[in-house]
Amino acid sequence: MSNIALGRYIPLDSLIHKLDPRMKIIAMFFLLIAVFVPAGYPGYGVLGVFIVSVLLIAKLRLNFIFRAMKPMAFMLVFLLMINVLVLRTGYVLFSFYGFTVYSDAIYQTLYITFRLALMIMITTALTATTKPLDLTLAIEDLLGPLKRFGVPAHEIAMMISIALRFIPTLIEETQRIMKAQASRGVDLKEGKFKEKIMAILSLIVPLFVSSFQRAEDLADAMEARGYVPSATRTRYKQLKRTLKDYIMLFIVLLLLGGLITLAFVV
Amino acid sequence: MPIAFEKVSYTYAPGTPFSYAALKEVDLAIEMGKITAIIGPTGSGKSTLVQHLNALLQPSDGQVLVLDRIITHADKPKQLKSLRKNVGLVFQFPEYQLFEETVLKDVMFGPLNFGVSEEEAKKRAMETLTVVGIDPSIAEKSPLDLSGGQKRRIAIAGILAIDPKVLVLDEPTAGLDPQGSKSMMQLFTQLNRQYEKTVLIVTHDMEHVLNYCDNVVVMQDGKCVTHQTVKEFFNDGKLLHELNIKVPNVLRFKESLAKGGMSLPEGISDLQTLAKAIAGRIKP
C-alpha cells in the first residue's frame, strides 16, 4: 500500500514543477476536455504524444505512471467482458462455444482504455508536479470569483487540504493496525467468509475510532488558535503567473483547437 | 534454537524514489529467557528490527531465525501464522487496536484466531486480565470507555492470551505517567520471571533498561552497534559517551560520589541499595 502512485507528489526540479498551479489546473481542464473530443485514434495519438512529452519534461519516470494505472487493470478486464457480451456490431473476429466476439467490442474497449490512460496521465502530470498545498491554494484562487454567488471557496480549499494532509497519515495508521491485528492472528487473505468479515471489522473499527479522535483534536486545535473561516488573511506563499505559464496554456489551447478541428471540421 | 539475525537487511519501498534502507546487515543473537532492551535514536531501525521477529516484515536480504523457524525473503506469508502464535508483538500505542464490544471479547480475539476453543479462550482471557492487573469486573465493559492506561493493559492482555513464548513490546510505556510505566515494567519482569517468557522491549528510557532488563542491544543507523549485558553496558563509560546515551541518575550520582572520594562497590543499580551503601559509609 505504501507504493500508491496515484495522485502522489514527486519532488523533482523541472519546468513543469515550476509552473503556476492555477494555470496547470486550467490546462488540465482543457486537456481533459480534449480527451472527450471525438477525434478518433489519430487525435488520441497526438494527445498521447503531447502528454508523454510533458511527463518527460517533468522528469517523471514512465513506469511510475504505469504503476499509477495498475489499479485500472481490473476495471478494464471487467469492461472488456461486458463489451464482448453486449456489443454485437462490426465484423466477426472469432467465435467459440457459440459465442461470437465482434470487432467493435475490442475496438470500443481499446478506445475507452486509451481514454482512461490519457486521463490518468493528465491528472498524474498535475498531481505529481504540484505540491498538494499549492494545489489547494490554486483551487481557492480559482473559486474566488464564485464567492459572490455564495460558494465557500476558502472552506472548500481548507477541506481539501485537510483531506490531502491526512491521506498519508491514514495509510500509515491502516498499515499499523493491520500489522497489530496480524500479530493477533488476523489473516486478511485467507480464512472463511465469517473470519474475513471479522478481519475487516478489526481494521475498520479502530481506524474509525482514531479518525474521529484525530478530527476532534484537530478541530479543537484550530479553534484554540482562533480559526475563523471568513477572516481575511494574508498568505505567506504568493502565486505568480509568468510568461511561461501563458505559453503553456496557449500550447494546450492550440492542441484542443486542433483536435476539435480534426473531429468536426475535417 | 534462540532468536538470531544473520546479515539481515531491510529496505522500504525498494526501487522507488522513496527507497529507504532501514536495516543494514544486522547480525544479532537474542538470549532466550531474558529481558532484552533494544535502544537507539529515532529512525535507527528498532521497530523495523522487531517486526522481523514475527515476520510482519521479511528480510530483503539475509535470514532471521526464530525458535525453530527460518524466515527469508522467499518465505510465503501463508506459512507464518504458527510463528505469530509463538512470538507476540505489542505495537506502540496498542490501545488503538481494540475493536470488540467488550473487553473480554477483545482479549479472546487473539486466541480464537489461533484456533483455541471458545471456553479455553475465555478462561485464558480472564486469567491474563488478572495478570495485567485489570479487575475482572470490567470485563463486560466496552474497551473504548476505559482510561488510556487500562486500554493499554487490555491490549497487552490480548497478546498474552495467545500465550506466546516470546513477547516483543515496542515502546510499551510511551505516554504513560511515571507510576503507570513503573507498574508496566514490573509486569514484564513478572512475565519473564514467573511465566518464563523471553521479553524484548524497545525503549528510550535508560532507567528502565538499568532496572528491569538483562541485556541491551543498541541500534544506530540501521546497524546493531553493541549487544551486551546491562551491567557491562553501563560500566563502559567511554562507549556510553560515544553513543551519546544519557546515563541513569543512580549511576551518575555514584560516579560523582566516586569523583569526590567515596567509591562504592560495583553493581549497585537501584536507589534503595545505593542509599543503604551510602548510609553504611557515613555511619560513625
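Structural data are supplied above this passage.
Bear in mind that the values here come from a model prediction, so they are computed numbers and not experimental data.

Helix and strand content of chain B: 11 helices and 10 strands. Evaluated residue by residue, chain B yields a buried proportion of 53% over its 284 residues. For chain B, contacts bridging at least 24 residues in sequence account for 60% of all contacts bridging at least 6. Here chain B displays about 13,300 Å² of accessible surface, and carbon together with sulfur accounts for 52% of that area. Distance between charge centroids for chain B: 3 Å, based on 32 positive and 33 negative side chains.

So, on to the sheet that holds strand S7 (residues 166-170) of chain B. Residues and elements named next belong to chain B. Reading across the sheet, the 6 strands line up as S6-S7-S8-S3-S9-S10 and stay open at both edges, with mixed pairing between neighbours. Each edge of the open sheet carries a strand with a single partner, namely strand S6 (87-90) and strand S10 (223-229). Mean inter-strand twist for the sheet, computed between neighbouring axes without regard to direction, equals 15°. With 5 bridges joining them, S7 and strand S8 (residues 198-202) adopt parallel strand pairing. The partner of Val168 across the bridge, within S8, is Leu200.

All names here are of chain B. Three or more residues of helix H10 (residues 249-259) are buried, namely Val250, Leu251, Lys254 and Leu257. Buried residues of H10, seen end-on, are gathered within an arc of 120° and therefore sit on one face of the element. Structurally, H10 contributes buried residues whose contacts are with helix H7 (206-212), helix H8 (230-235) and helix H11 (271-282). Just downstream of H10, Gly261 is the residue with a positive phi angle, here 105°.

This paragraph deals with the packing of aromatic side chains. Overall, the coordinates contain 9 aromatic pairs over all chains when judged by the stated rule. When the centroid spacing of 6.0 Å and the interplanar angle of 25° are considered together, the rings of Phe208(A) and Phe212(A) count as stacked. Placement of the pair is Phe208(A) and Phe212(A) together in helix H9 (residues 193-224), with a separation of 4 residues, close to one helical turn. A ring pair is formed by Phe99(B) and Phe109(B), whose centres lie 4.8 Å apart and whose planes are at 80°; its orientation type is edge-to-face.

A pair of packed helices is characterised by two quantities: the angle between their axes and the separation of those axes. All names here are of chain B. Helix H6 (residues 178-195) packs onto helix H5 (residues 148-160) with a crossing angle of 15° between their chain directions and a minimal axis gap of 12 Å. Taken together, H5 and H6 sit at an angle that is classed as roughly parallel. Here H5 and H6 pass one another in a crossing that is right-handed. Residues Arg152, Arg153, Ile156 and Leu160 of H5 lie in contact with H6, whose contacting residues are Gly180, Ser183, Met184, Leu187, Phe188 and Leu191. Split by residue class, the contact of H5 with H6 holds 6 nonpolar, 2 polar and 2 charged.

Moving on, we get to H11(B). Residue and element names in this part refer to chain B. Relative to the 16 Å expected for 12 residues at 1.5 Å per residue, H11 spans 16 Å between its end C-alpha atoms, a close match to the ideal helical length. When we look at burial in H11, the residues that qualify are Leu274, Ala277 and Ile278. Taken around the axis of H11, the buried residues stretch over an arc of 95°, which confines them to a single face. Those residues of H11 that are exposed and aimed more than 90 degrees away from the buried face are Gln272, Lys276 and Gly280. Contact partners of the buried residues in H11: H10.

What follows covers the pairing of S10(B). All names here are of chain B. Bridge count for strand S9 (residues 215-220) against S10 is 6 bridges, and the pairing is antiparallel. Paired with Val217 across the strands is His227, a residue of S10. In sequence, S9 turns back onto S10 through a hairpin of 2 residues, with Asp221 there showing a positive phi of about 55°.

Another aspect to go through is the side chain of Thr36(B). Mapped onto the elements, Thr36(B) comes out in strand S3 (residues 35-39). Each residue touching Thr36(B), except ones within four places of it in the same chain, is listed here: Ile30(B), Val199(B), Leu200(B), Ile201(B), Asn215(B) and Val217(B).

Residues and elements named next belong to chain B. With 5 of 5 residues buried, S7 is to be regarded as a mostly interior element. Burial along S7 is two-sided: Val166, Val168 and Asp170 and Leu167 and Leu169, pointing in opposite directions, are all buried. By the bridge criterion, 4 bridges tie S6 to S7 in an arrangement that is parallel. The partner of Val90 across the bridge, within S7, is Leu169.

Residues and elements named next belong to chain B. In this fold, Ser181 is placed in helix H6. For Ser181, a relative accessible area of 8% puts it in the buried group. Ignoring any residue separated from it by four or fewer positions in sequence, one finds Ser181 in contact with Thr173, Leu176 and His208.

Calculation rules
- Residues numbered from 1 in each chain as written.
- Chains lettered and ligands numbered in written order.
- Predicted model: local features only at pLDDT ≥ 70, side-chain atom pairs only at ≥ 80, totals over all residues.
- Heavy atoms only, no water.
- Helix = DSSP H or I, 4+ residues; strand = E, 2+ residues; numbered from the N terminus.
- Buried < 20%, exposed > 50% of the residue type's maximum accessible area, 1.4 Å probe, protein only.
- Contact = heavy atoms within 4.5 Å.
- Areas by Shrake-Rupley, 256 points an atom, 1.4 Å probe, with all protein chains shown as cover.
- Lys, Arg positive; Asp, Glu negative; His and termini not counted.
- Charge placed at Lys NZ, Arg CZ, Asp CG, Glu CD.
- Pairing = 2+ DSSP bridges.
- Axes fitted to C-alpha atoms, helices over the stretch in contact; angles between N-to-C directions.
- Arc of directions from axis to C-beta.
- Phe/Tyr/Trp six-rings, centres within 6.5 Å; stacked < 30°, edge-to-face > 60°.
- Parallel < 35°, antiparallel > 145°, perpendicular 65-115°, else oblique.
- Left-handed = near helix turned anticlockwise from the far one by under 90°.
- Nonpolar A, V, L, I, M, F, W, Y, C, P; charged D, E, K, R; others polar.
- Expected span 1.5 Å × (residues − 1).

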